[in-house]
Amino acid sequence: MKRRFSLVLALLMLLSFMTACGGKKAEPVPAKAADTPAAPPKTYKVTMWQHTPFTRVAVPDKSQDFIRQYIEEKYGLDIQIVPAPADGADAKLNAMIAGGDLPDLIQARWNVANNQYRQFMEQGVLIPLDDYIKEFKYLQSVQDDFGWAHMKSNGKTFGVATRSGLNGDSLWIRKDWLERLSLKMPTTVEELATVAKAFATQDPDGNGKPDTYGFTAHGSPTDLVPRLETIMAPFGVYPGRNYAYVENNQVVFTAFSKEMKVAIQWLQDLVKAKAIDPDWMTNKFENWRNALIQGKVGIAHNRFELLREYSGSNTMGKEIKEANPKANWVQLPALKGPAGTFGNWAPAPTSISMHITRKGNDEPGKARAIMKFMADAMNPETETFNILAWGKKDVHYDMKDGKVWSRLPAALAPEAGWLGYYRVFRIPGDFVEDVFWRSEPALREAERIANNVPVLDKRRESIVPTHDAAPDFNAYIREMHAKFILGTEPMASWDKFTETAMTKYRGKEILDQHVAEFKKHGLIK
Amino acid sequence: MIQSRGEKIFGVVNIIFLTLLSVATLFPVMYIVSVSLTPLEALARHGGFRIIPAEVTLDAYRFLLNTPLIPRAFLNSVIITVLGTTANLLLTTLLAYPLSKKLLPGRTPVLGAVLFTMLFGGGLVPTYILIKNLGLIDSYWSAILPGAISTYNLLVMKSFFENMPEDIMEAARIDGAGEMRILWQIVLPLSKPVIATLGLFYAVAHWNGFFDAMMFINDVKLQPLQVVLRNVLMDAMRAEDFVTDQVVLLPGETIKMAAIVVAMAPMLAVYPWIQKHFTKGVLLGSIKG
């Protein structure tokens, strides 16, 4: 027994020696900047954490990545992109940061992980960028005060939010149907309702069958009232799930506002008059798309490029023409409604922002080089912007009359390749917008459409972390709104609906969260 | 054998019950395969539900296989599964065999330590730090080494070895065989059931492995199939949310189903071959003599 025991003890001691012997690789000591005299432009190794929709293509090797080489040559930054996984990105980033493996540059998607970045700001993971923003003046113009407010903590700015996206959505109408039925272009919401009912009852396509409607929609998990949002603008309603905004120093939920009630009543009337396609609640995107192509509806909320031919590989415009050469979709002018004349609503301030971590500042000059690059990347006047946006001339795009026409198929296709990774620097607001910019003319048209109509601007929303009660709350709102619109729930029970949502579905807690956030931004007292 | 009436009735009811159960199990698989083969327009028209598809198209599969990453990811998964399972079986055997000898000095503390790991783990951040400091980030081994020995499987194997008759090993020892030789040439050939069973458990776990690879492998070219498929699907779903011109190229539902079939198929193909060892294997830890 004793012999065995000492044997075991000896074994254990040997084992512990061996673990202690595993040598640690010595960390290379970084050169102290103070010692080097006026050094030649140094190359900094930078890792960038990026949320990207381009995960179907690998980040290329440096030898094939001309953009990376360009950036290194011009700014001294050797950027290694670390794509965030589509699932579990937050957990991974947290683990990396807690484990000491910080990336230098983080691209944040605010509608995904907002709470996280607040914490990073407060815990010193990110560095303040005020001095650099002052130095690189272009950055000051990418956001308005409200947009910058989200990047601030304790008066210091910790990130750069990319420019607000265009809201390329609009209401469109079949002009040929209007002409066929000898109707005027509607200018108020009442006139629109009349036209919608006419489209449903007066056989505007002249085929003798009652197969047309005013509107249709398709269910989308993110929309409050699917695909009918632009119609809400003249009513003063701002779309969005538990969207809350400030009015008269009060925080109001869009879903329960008095404007929403009026809008829903209007929709209810349309449903009663059968002006809306009865499948609107269960339609998938494909059904909705088919409905437009086959001429089933006369009014639609759409992004402009779906109805335009030069939107590249987007074939909807073409398909519509093929199905019916006479089909003529035009943008509806802004409609006058109870809240005023609006054709659209102002887009959210941002959904993507760039942050530099304290690792990005571990060598002198590194953070500055990164900011310099960013300022150029966001500025459409620079060569950097062009390379990031469009690629290589004559390889990825052609210049026709001084305008860029991209040769790439849809940006999300594998053939468009890894170029997509670099577009995120200069995306105006939401990366998806980029999908549509096949050419400068398309881009200009989008801007024209977006600016064509006065926009409802209630943008004083706060960005709050998703409350755990939010999914049920949103689901309940969506369900009830649908019931009200369909008429299965009478408008008289609106107040009861509001109260149930605020109490049973914990809307009050979500509201309190918004109020606290608004107070932090100084938007309410 | 003459069956009593009760037994006959039971037989009939049993057959009906099991048939229904099999259908209920097979039905989702059939649905998945069918949707993956249906062209998009047919789905939209019929509201997405066809058991036997009227028209068949390979578009969804073509889309997946054209994504350059997916064949590469498939290869990565195969490599990780093969390497991983080999490592697993090797290490598990080498630990289970000595622990099965009741006279091993220090057996109880070692077993205690092993059981401890079954109940408590380090957590995500310490694991991340560990993997990082071992230099395993962006390496296949980060998906293999941390979980190389599954405690549960280890205990199954240990039980199995304990139940093997000592006589053969005694005889071999008398004949002058060393312990390693006994292990490799006598014990293991007799352990085919348990090795096949545990090998299958490990292989399936590796094939389905998502979390480790997602966390520790950044280079998309090295990521296994499940991670890449998840990324592709999330992109497709996200793109659908926003109205895009991609919709013609991204038939969402059918692609999701095709991805599921692609992920399932290899394991389904391997199962029947191991089947004959499998049914014997799981029980072996429990039956004495």
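**Student:** Looking at this structure, I do not really get the overall build of chain B. What am I missing?
**Tutor:** Counting its regular elements, chain B contains 13 helices and zero strands. Taken from N to C terminus, the helices and strands of chain B fall in the order α-α-α-α-α-α-α-α-α-α-α-α-α. Considering only residue pairs separated by 6 or more positions, chain B has 76% of its internal contacts joining residues 24 or more positions apart. Working note: accessible area of chain B is about 15,500 Å², and carbon and sulfur atoms make up 71% of it.

**Student:** Would you explain the side chain of S142(B) in this entry?
**Tutor:** Within the element layout of this structure, S142(B) appears in the loop between α6 (124-133) and α7 (151-162). By relative accessible area, which is 0% here, S142(B) ends up buried.

**Student:** Explain the pattern of salt bridges here, please?
**Tutor:** A side chain with one charge may pair with a side chain of the opposite charge, provided their charged atoms come close. Residue and element names in this part refer to chain A. Within the structure shown, the criterion is met by 20 salt bridges over all chains. The partner of D176 in a salt bridge is R174, with the nearest N and O atoms 2.9 Å apart. Among the residues examined, D176 registers a relative accessible area of 15% and is labelled buried. The class for R174 is buried, based on a relative accessible area of 2%. It is possible to trace a salt-bridge network through shared partners that takes in K45, K62, R68, E72 and D78.

**Student:** Is there a simple way to think about helix α3 (residues 59-66) of chain B in this case?
**Tutor:** In an α-helix, one full turn covers 3.6 residues, which means residues spaced three or four apart are oriented alike. Residue and element names in this part refer to chain B. Within α3 the residues assigned to the buried category are A60, Y61, F63 and L64. End-on, the buried residues of α3 take up no more than an arc of 160°, which puts them together on one face. Turned more than 90 degrees away from the buried face of α3, the exposed residues are L65 and N66.

**Student:** Sorry, what's going on with the nonpolar core here?
**Tutor:** Most often, soluble globular proteins have nonpolar side chains that are buried together. Residue and element names in this part refer to chain A. Counting 55 residues, the largest nonpolar core has F215, F256, W266 and I299 as the members making the most contacts within it. Per element, the largest residue contribution to this core is eight residues, and it comes from helix α8 (residues 189-201). Ignoring any residue separated from it by four or fewer positions in sequence, one finds I299 in contact with L171, W172, I173, L192, V195, A196, F199, G214, F215, T216, W329 and L332. With 41 residues, the next largest nonpolar core counts Y70, I81, L139 and I370 among its residues.

**Student:** Explain unusual backbone geometry to me, please; I cannot follow it from the model alone.
**Tutor:** Comment: phi is negative for the bulk of residues other than glycine, and the bulk of peptide bonds are trans. Phi at K274(A) is positive, roughly 60°, even though this residue is not glycine. Structurally, the position occupied by K274(A) is in the loop between α10 (258-272) and α11 (285-293). Phi angles above zero are rare outside glycine, and D138(B) is one such case at about 65°. Residue position: D138(B) is located in the loop between α6 and α7. Look at D138(B) and you get partly exposed, because its relative accessible area is 32%.

**Student:** Can you help me understand the confidence of the model for chain A in this one?
**Tutor:** Residue and element names in this part refer to chain A. Per-residue confidence for chain A gives a mean pLDDT of 74, with 73% of residues at or over 70. Segment residues 19-39 is flagged for pLDDT under 50; beyond a separation of four residues in sequence, or across chains, it makes one contact in the model. Confidence over residues 428-436 falls short of pLDDT 50; this stretch has 34 contacts with residues more than four positions distant or in other chains.

**Student:** What's the story with the sheet that holds strand β2 (residues 77-83) of chain A in this structure? I'm lost.
**Tutor:** Whether parallel or antiparallel, the strands of a sheet pair through hydrogen bonds between backbone atoms. Residues and elements named next belong to chain A. Judged by pairing direction, the sheet is mixed, and its five strands sit side by side in the order β2-β1-β3-β15-β6 without closing on themselves. The two strands at the open ends of the sheet, each matched to only one other strand, are β2 and β6 (160-161). Across two bridges, strand β1 (residues 44-50) lies against strand β3 (residues 105-109) in parallel orientation. Each bridged residue has a counterpart across the sheet, and for M48 the counterpart in β3 is L105. Running at roughly 145° to β1, helix α3 (residues 89-98) makes contact with β1 and β3 of the sheet.

**Student:** What should I look at first to understand the packing of helix α17 (residues 470-486) of chain A against helix α18 (residues 494-503) of chain A in this one?
**Tutor:** To describe two helices that pack against each other, one gives the angle between their axes and the distance between the axes. Residue and element names in this part refer to chain A. At a minimum axis distance of 10 Å, the contact between α17 and α18 shows a crossing angle of 170°. By the angle between their directions, the pair α17 and α18 is classed as roughly antiparallel. Across the interface between the two elements, F473, Y476, I477, M480, H481 and F484 of α17 pack against W494, F497, T500 and A501 of α18.

**Student:** Please explain the environment of I149(B) as it appears in this structure.
**Tutor:** All names here are of chain B. Checked against the element boundaries, I149 lands in the loop between α6 and α7. In this structure I149 comes out as partly exposed when scored by relative accessible area, which is 32%. With 55 residues separating them in the primary sequence, I149 and V204 have C-alpha atoms 14 Å apart. What I149 contacts, discounting residues up to four positions off in sequence, is N88, L91, T92, L95, L154 and Y202.

**Student:** Hey, could you run me through the side chain of T382(A) in this one?
**Tutor:** Residues and elements named next belong to chain A. Considering the arrangement of structural elements, one finds T382 in the loop between α13 (366-377) and α14 (383-390). Residue T382 is classed as buried on the basis of its relative accessible area of 15%. Among the polar contacts listed, one links the side chain of T382 to the backbone nitrogen of F385, at a separation of 3.1 Å.

**Student:** Sorry, what's going on with the pairing of strand β15 (residues 352-356) of chain A here?
**Tutor:** Moving residue by residue along a regular strand, the side chains alternate between the two faces of the sheet. Residues and elements named next belong to chain A. Most of β15 sits inside the fold, with five of its five residues counted as buried. Residues I352, M354 and I356 of β15 are buried on one face, and the alternating residues S353 and H355, pointing to the opposite face, are buried as well. In terms of strand pairing, β3 meets β15 through five bridges, oriented antiparallel. Opposite L105, over in β15, you have I356 as the bridge partner. Pairing geometry for β6 and β15, over two bridges, is antiparallel. Bridging across to β15, A161 finds its partner in S353.

Parameters at a glance
- Residues numbered from 1 in each chain as written.
- Chains lettered and ligands numbered in written order.
- Predicted model: local features only at pLDDT ≥ 70, side-chain atom pairs only at ≥ 80, totals over all residues.
- Heavy atoms only, no water.
- Helix = DSSP H or I, 4+ residues; strand = E, 2+ residues; numbered from the N terminus.
- Contact = heavy atoms within 4.5 Å.
- Areas by Shrake-Rupley, 256 points an atom, 1.4 Å probe, with all protein chains shown as cover.
- Buried < 20%, exposed > 50% of the residue type's maximum accessible area, 1.4 Å probe, protein only.
- Salt bridge = Lys/Arg side-chain N within 4 Å of Asp/Glu carboxyl O.
- Arc of directions from axis to C-beta.
- Core = buried A, V, L, I, M, F, W, Y, C linked by side-chain atoms within 4.5 Å.
- pLDDT = per-residue confidence, 0-100.
- Pairing = 2+ DSSP bridges.
- Axes fitted to C-alpha atoms, helices over the stretch in contact; angles between N-to-C directions.
- Parallel < 35°, antiparallel > 145°, perpendicular 65-115°, else oblique.
- Polar contact = N/O pair within 3.5 Å; in protein donor to acceptor, adjacent residues only side chain to side chain.

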